[in-house]
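Listed below, chain by chain, are the residues.
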Amino acid sequence: MNIENYYKYDEIKEHFDYWLEDHDSEWINDNLDDLHHYAFNENYYIIGRYQAKKWLSDEVFNIINIIKEYENDNFGKVNTDFSEPESVVNMYTYIVGEYIVNDYINSLEVKSA
């Protein structure tokens, strides 16, 4: 599946776009290697169990599968606590955010080429 078709991709992309607007472009350029960490790992995307359950909606099992696949591929085991909706949402947005940040960095490289 194309990442742009992932659940709430546009919403997560918009979150990143707003995050970029809040940061100086020189700082962004100086921190490109850690951009994903700053944008998607320093703060929770969703706080609160109720809000997370609403956000996950009926996509929860698809999201869990995406997380399991990602964590197994990258860490060799699954670490996310699937009993906590907040953890599921935040790990999922971290994963989708990785693709979004990589696309952003690639677009910068294309512009400078």
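Everything here concerns the structure above.
Residues numbered from 1 in each chain as written. Predicted model: local features only at pLDDT ≥ 70, side-chain atom pairs only at ≥ 80, totals over all residues. Heavy atoms only, no water.

A. A look at the layout of surface pockets. Counted as a void, the largest pocket has a volume near 250 Å³. Lining the largest pocket are 14 residues; nearest its centre among them are Phe40, Asn41, Asn43, Tyr44 and Tyr45. Ranked by residue count, the leading element in the lining of the largest pocket is helix 6 (residues 85-112), at 4 residues. A per-class count over the lining of the largest pocket returns 8 nonpolar, 5 polar and 1 charged. By volume, the second largest pocket is sized at about 180 Å³. As for the second largest pocket, its lining consists of Tyr6, Asn62, Asn65, Ile66, Glu69, Tyr70, Asp73, Asn74, Ile95 and Tyr99. Looking at the lining of the second largest pocket, the elements with two or more residues in it are helix 5 (60-75) and helix 6. With 7 residues, helix 5 is the largest single contributor of residues to the lining of the second largest pocket. (1 Å grid on protein atoms, 1.4 Å probe; cavity = no way out; pocket = protein on both sides within 12 Å on 5 of 7 lines; lining within 4 Å. Points joined across faces, edges and corners; volume = space filled by probe spheres on them. Helix = DSSP H or I, 4+ residues; strand = E, 2+ residues; numbered from the N terminus. Nonpolar A, V, L, I, M, F, W, Y, C, P; charged D, E, K, R; others polar.)

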